[in-house]
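Residue-level structural notes
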Amino acid sequence: MEMTEMTGMSLKRGCLAMEDDDSAAPAEETKKQKVSECCLTKRQDGLQNDCLPNRENMPGPPEPVSAKRGKMTSDDQLEEEEEEEEDGLSEEGEEEEEAESFADMMKHGLTELDVGITKFVSSHQGFSGILKERYSDFVVHEIGKDGQISHLDDLSVPVDEEDPSEDVFTVLTAEEKQQLEELQLFKNKETSVAIEVIEDTKEKRTIIHQAIKSLFPGLETKTEDREGRKYIVAYHAAGKKALANPRKHSWPKSRGSYCHFVLYKENKDTMDAINVLSKYLRVKPNIFSYMGTKDKRAITVQEIAVLKITAQRLAHLNKCLMNFKLGNFSYQKNPLKLGELQGNHFTVVLRNITGTDDQVQQAMNSLKEIGFINYYGMQRFGTTAVPTYQVGRAILQNSWTEVMDLILKPRSGAEKGYLVKCREEWAKTKDPAAALRKLPVKRCVEGQLLRGLSKYGMKNIVSAFGIIPRNNRLMYIHSYQSYVWNNMVSKRIEDYGLKPVPGDLVLKGATATYIEEEDVDNYSIHDVVMPLPGFDVIYPKHKISEAYREMLTADNLDIDNMRHKIRDYSLSGAYRKIIIRPQNVSGKYRALKMDFSLPPSTYATMAIREVLKMDTSIKNQTQMNTTWLR
């Protein structure tokens, strides 16, 4: 196989988070023998059919509600902070940037070589370009369960006689909303809030009842006479659980329990977006569901489902949120699940292309006809000097002190200032409570682990680590699997090239089988899969099998026993195609505008890497552009 030299790719400062869609990677990699095929629509009309936000005339977000707090013990305060963080209601300002330049910080980051990304499959000469000069240069449209590309093209609200009138959004004053919010979140000692009905009519009382129940789903209401005056009294009926489980009796039985909608967002990842929505709706984030996470530095369009929140109430957010639009509402019986999507359609603009028209055409033809190596992209492994796969390896080794140290110790690399201060405090005192106080934003993994250590003690790291959400914990061991897979695929291509050989694996249905000598001509390289290590996979019947064993043995892991003492960390394994051919590929230049569709858990940056023939790591990009960046 002809190997060509890597060329440069410029990324401007502020645009360096090269994130792709990593949809449902945990779901994909914990299911036995699963490889997602791409079943795609022919529609390629990009953003033309989308109803995009018009930023003119869009109001800013409402004023933040201040919380009144009484005296609390440290345990009470910690519990309240947990509630606040889980609700997605903690908004803290970000610290100023570190004095050290970004380029200097990224000298400590990973390169593609560090995570096993070493090969190309095409023979064209590479060229350079700028990716994500603007977040609008990277547009992602989800491909849903029905194979259709998701578009936001309908902002109307389904007609529903059960919905309250629009007055529910204006009948309460700002002061009353603040009091009700504090009551709902248990931020004061009051057990109820009484709102006087000035215009005492049944219609007026009904609207106030509806407004409170609609805007504050943790509260119930009743009407009381007090000294000849009418009051609507709001109170808690179901305790703190009401926030996570919206009331059942106020939701029409004839309507599906979930409101599905299409979310358009700019420059926010999916979880951040859901935290914002949950804050404005005053509900917990865990009542939202989705099929895959989407980029931060991008424009993305995806389907979201939420439990027992009306389309009317969701549509109202369009009046007060910037860089978001919600539409295409429908009521359904079921939520969405990770991994249900069929893929994503990307529209990517690469600016300042240095290649000739012929070079660009050759690169696009190769991408369409051959494809690219289905490597896990750089964002899978983190951006600092402590890669996520190292934490995953320590978990699999049952080395919990190392897990704690790797997550919390000071590190070189690009991090927010408050994380640097938190790590410094941890290194100096090994006091989890003291280190936690350095974090204004405690939803991060470091904050959750420190909270766990404060709760369970330094001798129970396993339980402390368990406070971190399950998907985040599994991210580490999936990163290790990805690290092994990248290295093994590079070795497979190095040793056997781009053709099937006896002993390779292919899928028949959901079952992996070997390619026999007499069947080699019946397959192409696009049929070949490689396993992510686990207890429920088989390995190729050639020397790559021994390479897997040697790599895991060097990491003090037993390839024949991938079951962990803790069930969550037992790896069943999965299969992944080694070459992906994008669908619906087109390219217009100059600049080069690329359109293509990929299956889930496939990295768009790896397709771009194959076109440009360059190292996509932030470290490499910043080192190539240090002069410009400074």
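Residues numbered from 1 in each chain as written. Predicted model: local features only at pLDDT ≥ 70, side-chain atom pairs only at ≥ 80, totals over all residues. Heavy atoms only, no water.

Going by an unreviewed UniProt entry, the chain carries the name Pseudouridylate synthase 7 homolog and comes from Marmota marmota marmota. In its Subunit (unreviewed entry) section, UniProt records this for the chain: "Interacts with SIRT1." The record held by UniProt for the chain lists under Sequence similarities (unreviewed entry) the comment "Belongs to the pseudouridine synthase TruD family." (UniProt positions renumbered as here; feature names shortened; annotations may be inferred.)

Right, let's get into the overall build of the chain. Helix and strand counts for the chain come out as 20 helices and 18 strands. Burial analysis of the chain (630 residues in total) assigns 56% to the buried set. For the chain, long-range pairs separated by at least 24 residues make up 79% of all intrachain contacts whose partners lie at least 6 apart in sequence. Summed over its atoms, the accessible surface of the chain is roughly 27,800 Å², and 45% of this surface lies on carbon and sulfur atoms. (Helix = DSSP H or I, 4+ residues; strand = E, 2+ residues; numbered from the N terminus. Buried < 20%, exposed > 50% of the residue type's maximum accessible area, 1.4 Å probe, protein only. Contact = heavy atoms within 4.5 Å. Areas by Shrake-Rupley, 256 points an atom, 1.4 Å probe, with all protein chains shown as cover.)

According to the stated counting rule, one finds 13 aromatic pairs in the structure shown. When the centroid spacing of 6.4 Å and the interplanar angle of 40° are considered together, the rings of Phe 261 and Phe 329 count as tilted. A residue pair is termed long-range when its members are at least 10 positions apart, and Phe 261 in strand 6 (residues 258-266) and Phe 329 in strand 9 (residues 324-332) qualify at 68 residues. Both residues of the pair, Phe 261 and Phe 329, belong to the buried class. Ring centres of Trp 400 and Tyr 569 lie 5.7 Å apart, and the angle between their planes is 50°; this geometry places the pair in the tilted category. Taken together, the positions of Trp 400 in helix 11 (residues 400-408) and Tyr 569 in the loop between helix 17 (543-554) and strand 15 (574-577) put the pair 169 residues apart, joining distant regions of the chain. One exposure class covers both Trp 400 and Tyr 569, and it is buried. By way of ring pairs, the aromatic residues Phe 381, Tyr 389, Tyr 480 and Tyr 483 are connected into one cluster. Positioned over the ring face of Tyr 231 is Arg 226, at 5.5 Å from the centre of the ring. Over the aromatic face of Phe 535 sits the side chain of Arg 563, whose NZ or CZ is 3.7 Å from the ring centroid. (Phe/Tyr/Trp six-rings, centres within 6.5 Å; stacked < 30°, edge-to-face > 60°. Lys NZ or Arg CZ within 6 Å of the ring centre and 35° of its normal.)

Negative phi characterises most residues that are not glycine, and trans characterises most peptide bonds. One non-glycine residue with positive phi stands out, namely Lys 430, at about 50°. Mapped onto the secondary structure, Lys 430 falls in the loop between helix 12 (417-429) and helix 13 (432-436). Even without being glycine, Asn 556 reaches a positive phi, approximately 60°. Along the polypeptide, Asn 556 turns up in the loop between helix 17 and strand 15.

In a structure, side chains of opposite charge can pair up when their charged atoms sit close to one another. Evaluated as defined, the whole model comprises 18 salt bridges. A salt bridge links Arg 226 to Glu 224; its shortest N-O distance comes to 3.1 Å. With relative accessibility at 34%, the residue Arg 226 sits in the partly exposed group. The exposure class assigned to Glu 224 is partly exposed, which follows from its relative accessible area of 23%. One salt-bridge network, held together by shared partners, links Lys 222, Glu 224 and Arg 226. (Salt bridge = Lys/Arg side-chain N within 4 Å of Asp/Glu carboxyl O.)

Turning our eyes to something else, we now look at the sheet that holds strand 3 (residues 192-196). As summarised here, the arrangement of the three strands in space is 3-5-4, forming an open sheet in which the pairing is antiparallel. Each end of this open sheet is capped by a strand with a single partner; those strands are strand 3 and strand 4 (219-226). Adjacent strand axes in the sheet meet at a mean angle of 25°, parallel and antiparallel pairs treated alike. Bridge count between strand 3 and strand 5 (residues 229-236): five bridges; the pairing is antiparallel. Paired with Val 193 across the two strands is Ala 234, which belongs to strand 5. Each of strand 3, strand 4 and strand 5 is contacted by helix 4 (residues 174-184), which is oriented at about 160° to strand 3, the strand it contacts most. Helix 5 (residues 202-215) rests against strand 3, strand 4 and strand 5 of the sheet, and its axis sits at about 150° to strand 4. (Pairing = 2+ DSSP bridges. Axes fitted to C-alpha atoms, helices over the stretch in contact; angles between N-to-C directions.)

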